[in-house]
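For reference, the chains in residue letters:
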Amino acid sequence: AQSVTQLGSHVSVSEGALVLLRCNYSSSVPPYLFWYVQYPNQGLQLLLKYTTGATLVKGINGFEAEFKKSETSFHLTKPSAHMSDAAEYFCAVEGGNTPLVFGKGTRLSVIA
Amino acid sequence: EAGVAQSPRYKIIEKRQSVAFWCNPISGHATLYWYQQILGQGPKLLIQFQNNGVVDDSQLPKDRFSAERLKGVDSTLKIQPAKLEDSAVYLCASSPRTGRQETQYFGPGTRLLVL
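Because the structure is predicted, anything quoted here is derived from the model rather than measured.

Participant: What should I look at first to understand the sheet that holds strand β3 (residues 19-24) of chain B in this one?
Facilitator: Paired through their backbone hydrogen bonds, the strands of a sheet run either parallel or antiparallel. All names here are of chain B. Pairing within the open sheet is antiparallel, and its four strands lie in the order β1-β3-β8-β7. Among the strands making up the open sheet, the edge pair consists of β1 (5-7) and β7 (65-68). Strand-to-strand twist across the sheet, computed as the mean angle between neighbouring axes with direction ignored, equals 15°. By the bridge criterion, four bridges tie β7 to strand β8 (residues 75-79) in an arrangement that is antiparallel.

Participant: Is there a simple way to explain the state of the cysteines in this structure?
Facilitator: Here, disulfide denotes a covalent bond that connects the sulfur atoms of two cysteines. Within the structure shown, the criterion is met by two disulfides over all chains. For Cys23(A), the disulfide goes to Cys91(A), at an S-S distance of 2.0 Å. Between Cys23(A) and Cys91(A) the disulfide shows an S-S torsion of about -65°. By sign, it is left-handed. Residue Cys23(A) is located in strand β3 (residues 19-26), and its partner Cys91(A) is located in strand β9 (residues 87-94); the two are separated by 68 residues in the primary sequence. Here the two residues Cys23(A) and Cys91(A) agree in accessibility, since each one is buried. Here Cys23(B) is linked by a disulfide to Cys92(B), with a sulfur-sulfur distance of 1.9 Å. Measuring handedness by torsion sign, the sulfur bridge of Cys23(B) and Cys92(B) sits at about -70° and is left-handed.

Participant: In this structure, what is going on with the environment of Tyr33(B)? I would like to understand it.
Facilitator: All names here are of chain B. You can see Tyr33 is positioned in strand β4 (residues 31-37). Note on Tyr33: relative accessible area 4%, which makes it buried. Spatially, the C-alpha atoms of Tyr33 and Val55 are 9.8 Å apart, while their sequence positions differ by 22 residues. In this structure the side chain of Tyr33 is engaged in a polar contact, spanning 3.0 Å, whose partner is the side chain of Ser95.

Participant: What exactly am I supposed to notice about the packing of aromatic side chains here?
Facilitator: Each aromatic ring pair is summarised here by two numbers: the centre-to-centre distance and the angle between the ring planes. Throughout the structure, instances matching the rule amount to 13 aromatic pairs over all chains. Here the aromatic rings of Phe90(A) and Phe102(A) are separated by 6.4 Å at their centres, their planes lie at 85°, and the arrangement is edge-to-face. Of this pair, Phe90(A) sits in strand β9 while Phe102(A) sits in strand β10 (residues 101-102), placing them 12 residues apart in sequence. Where Phe102(A) meets Tyr35(B), the ring centres are 5.8 Å apart and the plane angle is 85°; that geometry is what we call edge-to-face. Remark: Tyr35(B) occurs in strand β4 and Phe102(A) occurs in strand β10; the pair is interchain, linking two chains. By the burial criterion, Phe102(A) is buried, and Tyr35(B) matches it. Among the aromatic residues, ring-to-ring pairing joins Phe34(A), Tyr36(A), Phe90(A), Phe102(A), Tyr33(B), Tyr35(B) and Phe106(B) into one connected group.

Participant: I would appreciate a short explanation of the side chain of Ser95(B) in the present structure.
Facilitator: Here Ser95(B) shows up in strand β9 (residues 88-95). A polar atom in the side chain of Ser95(B) sits 2.9 Å from the backbone oxygen of Arg97(B).

Participant: Is there a simple way to think about the interface of chain B and chain A in this case?
Facilitator: A common way to report how large an interface is uses the accessible area buried once the components associate. Facing 21 residues of chain B, the contacting portion of chain A comprises 22 residues. Summed over both partners, the interface of chain B with chain A buries about 1,700 Å², with 50% contributed by carbon and sulfur atoms. Applying the counting rule to chain B against chain A returns five residue pairs in polar contact (both at pLDDT 80 or more). Taken together, the residues that form the side of chain B that touches chain A break down as seven nonpolar, nine polar and five charged.

Participant: Hey, could you run me through the sheet that holds β3(A) in this one?
Facilitator: All names here are of chain A. The strand order β1-β3-β8-β7-β6 describes an open sheet built from five strands, whose pairing is antiparallel. Every interior strand has two partners, whereas the edge strands, β1 (3-7) and β6 (56-58), have only one. Pairs of neighbouring strands in the sheet enclose a mean axial angle of 20°, with direction left out of account. Across five bridges, strand β7 (residues 64-68) lies against strand β8 (residues 73-78) in antiparallel orientation. Along β8, the bridge assignment pairs Lys68 with Ser73.

Participant: Sorry, what's going on with the nonpolar core here?
Facilitator: When a protein is soluble and globular, its nonpolar side chains tend to lie buried together. Formed by 27 residues in total, the largest nonpolar core has its most connected members in Trp35(A), Leu48(A), Leu76(A) and Tyr89(A). Listed by contribution, the elements that provide at least two residues to this core are β2 (10-14), β3, β4 (32-38), β5 (44-50), β7, β8, β9 and β11 (106-111) of chain A. Judged by nonpolar contacts, the second largest core, of 21 residues, contains Val4(B), Ile26(B), Phe49(B) and Val114(B).

Calculation rules
- Throughout this document, residue positions are counted from 1 along each chain, in the order its sequence is written.
- The order in which chains are written sets their letters, starting at A; the order in which ligands are written sets their numbers, starting at 1.
- For a predicted model such as this one, the threshold for reporting local features is a pLDDT of at least 70, and the threshold for listing and counting side-chain atom pairs is 80 or more; totals across whole chains, interfaces and linings nevertheless cover every residue.
- The side-chain values count all of the structure's non-hydrogen atoms but skip hydrogen atoms and water molecules.
- Following DSSP output, two strands are said to pair if at least two bridges run between them.
- Helix and strand definitions follow DSSP, with helices as H or I runs of at least four residues and strands as E runs of at least two, each counted in order from the N terminus.
- Lines fitted to C-alpha atoms define the axes here, with helix axes fitted over just the stretch in contact, and angles between the N-to-C directions of these axes take values from 0 to 180 degrees.
- A pair of cysteine sulfur atoms is labelled a disulfide when the two atoms are within 2.5 Å.
- Note on exposure labels: buried denotes an accessible area under 20% of the residue type's maximum, exposed denotes more than 50%, and partly exposed covers the range between, all computed with a 1.4 Å probe on protein chains only.
- The definition of a polar contact used here is a pair of N or O atoms within 3.5 Å, where within protein one atom must be able to donate a hydrogen and the other to accept one, and adjacent residues in sequence count solely through side-chain atom pairs.
- Pairing of aromatic rings covers Phe, Tyr and Trp, the last counted by its six-membered ring, and requires centre-to-centre distances within 6.5 Å; plane angles under 30 degrees mean stacked, over 60 mean edge-to-face, and any other angle means tilted.
- Residue contacts are counted whenever heavy atoms from the two residues lie within 4.5 Å of one another.
- Values labelled buried area give the accessible surface lost by two parts on being combined, using a 1.4 Å probe and summing over both.
- Here the nonpolar group is Ala, Val, Leu, Ile, Met, Phe, Trp, Tyr, Cys and Pro; Asp, Glu, Lys and Arg are the charged ones; every other residue, Gly included, is treated as polar.
- For this analysis, a nonpolar core means a set of buried residues of the types Ala, Val, Leu, Ile, Met, Phe, Trp, Tyr and Cys, connected via side-chain atoms within 4.5 Å.

In structure tokens form, the structure reads like this:
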């Protein structure tokens, strides 16, 4: 069975600082990995996904994530935080015939 | 392109009452999902449709929850009778087809409060 652990339910960064949101997964088969963002009172929106190929994946709004099989990680980063990045971020894994499994989410706050 | 539409956006009911949620997916999307998102947790899949057939309903509490997707387009999710623990946001999503690596497009959700 697949599972996702997001370290830190709440992360706070200063505007312009590096954003690092951590995600570790467990999967019995080669996983597909996703990061979704949820703004207040809105649905989830795909930021980026890893399927196969290049392990460094670039997404929208300047975010990127690196798939590290040896560490079973898929951490999300952005070099410089913007106020508009404040939101809830969800890591998700899909593998085999199982449906998408989401982590509990990390709330990102950006301080001016 | 219009996104996934859901209604109502908010609903407050008393326990043991019934409630229904409606979802209209993106035009042409064959696959439709219903998720339950309890406060402080990630979304959990309740049911997945491929056109008007059920692909996965293993996590749907079938004693009280039901869902249908008539004509392979709109879908309704019903809870009867509701319990306090059903208080959550119910998210509908759609994707062009079923399969791994498919991007799911989410609606804004229906926030349910059961008193």
